[in-house]
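# Residue-level structural notes
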Number of protein chains: 2
Amino acid sequence: MAVVAKWMCDRDNSMFDNKKDADAYDKMLELAEGFSALLQQHIPDVDETKAEEFGIFLAKNKEAVMQACKGKVEALDEIDSKEADNIRPISAQG
Amino acid sequence: MAVVAKWMCDRDNSMFDNKKDADAYDKMLELAEGFSALLQQHIPDVDETKAEEFGIFLAKNKEAVMQACKGKVEALDEIDSKEADNIRPISAQG
């Protein structure tokens, strides 16, 4: 028998084997929530789950977002559309 | 009588007195269109005008978006809400 250290992100109770991955995931969700909140402020009638998904999408692809903001707008077009298929809303995780 | 040089952004026919400002505006609208297109891909039933407005909002506040992506997520909360009131959809400009 053995005890194994695990790390939980308390935003959605996701579990990780190491703190680094848990921190990165937590930071990603924090950014996602920031984007989702902005979207919901600007488009109040947007579906909440879809807004969360879009926030997660932007957060997961923050490198492309940064490149676009720096002038390489085509970076947004280059985001792998398959990536988007892997995104689940926070409410569906656990 | 005199002739005066003007610069037009052909995305929405906005006029500028100098090329630098026209270029900056053009680049802002290009980024805005990129964000709007992503939003419309992910939330196909979103109102098109609202999606354009949100894209322009993100593009006008790209410095805050970049800061947030770099880890300072609270930069998104610090965007002046009055700024948002000045944003018009592309279709309303002329």
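Presented here is a report on the structure given in the accompanying data block. Just so it is clear, the model here is predicted, and its values are computed rather than measured.

Another point: the relation of the copies chain A and chain B. Put simply, the second copy of the chain is the first one after a rotation about an axis and a shift along it. Overlaying chain A with chain B gives an RMSD of 0.0 Å, the required rotation being 180° about an axis along which the chain moves by 0.0 Å. Such a turn and shift between the copies fits a two-fold axis. No C-alpha of chain A approaches the rotation axis more nearly than that of A:M66, which lies at 2.8 Å.

Turning next to helix α1 (residues 19–42) of chain B. Residue and element names in this part refer to chain B. Between its first and last C-alpha, α1 extends 35 Å over 24 residues, near the 34 Å set by a 1.5 Å rise per residue. Residues A22, Y25, M28, L29, L31, A32, G34, F35, S36, L38 and L39 constitute the buried set of α1. With a side-chain oxygen lying 3.2 Å from the backbone nitrogen of K20, the N-terminal cap of α1 falls on N18.

This next bit is on the packing of aromatic side chains. Residue and element names in this part refer to chain B. Tallied over the full model, the rule gives four aromatic pairs over all chains. With a centroid separation of 5.0 Å and an interplanar angle of 45°, the aromatic rings of F16 and Y25 are classed as tilted. Residue Y25 is classed as buried on the basis of its relative accessible area, which comes to 14%. Here K19 stacks its cationic end above the ring of W7, 5.9 Å away from the centre of that ring.

Here A:N13, not a glycine, exhibits a phi torsion of approximately 65°, which is positive. Residue placement: A:N13 occurs in the loop between β1 (7–9) and β2 (14–16).

Running from N to C, helix α3 (residues 62–69) of chain A and helix α3 (residues 62–69) of chain B cross one another at 150°; their axes reach a closest spacing of 9 Å. By the angle class used here, α3(A) and α3(B) are roughly antiparallel. Relative to α3(B), α3(A) is oriented so that their crossing is left-handed. Facing α3(A), whose interface residues are A:K62, A:V65, A:M66 and A:C69, α3(B) presents B:K62, B:V65, B:M66 and B:C69. Looking at the contact of α3(A) with α3(B) residue by residue, the classes come out as six nonpolar, no polar and two charged.

What counts as what
- Residues numbered from 1 in each chain as written.
- Chains lettered and ligands numbered in written order.
- Predicted model: local features only at pLDDT ≥ 70, side-chain atom pairs only at ≥ 80, totals over all residues.
- Heavy atoms only, no water.
- Least-squares fit on C-alpha atoms with pLDDT ≥ 70 in both.
- Helix = DSSP H or I, 4+ residues; strand = E, 2+ residues; numbered from the N terminus.
- Expected span 1.5 Å × (residues − 1).
- Buried < 20%, exposed > 50% of the residue type's maximum accessible area, 1.4 Å probe, protein only.
- Polar contact = N/O pair within 3.5 Å; in protein donor to acceptor, adjacent residues only side chain to side chain.
- Phe/Tyr/Trp six-rings, centres within 6.5 Å; stacked < 30°, edge-to-face > 60°.
- Lys NZ or Arg CZ within 6 Å of the ring centre and 35° of its normal.
- Axes fitted to C-alpha atoms, helices over the stretch in contact; angles between N-to-C directions.
- Parallel < 35°, antiparallel > 145°, perpendicular 65-115°, else oblique.
- Left-handed = near helix turned anticlockwise from the far one by under 90°.
- Contact = heavy atoms within 4.5 Å.
- Nonpolar A, V, L, I, M, F, W, Y, C, P; charged D, E, K, R; others polar.

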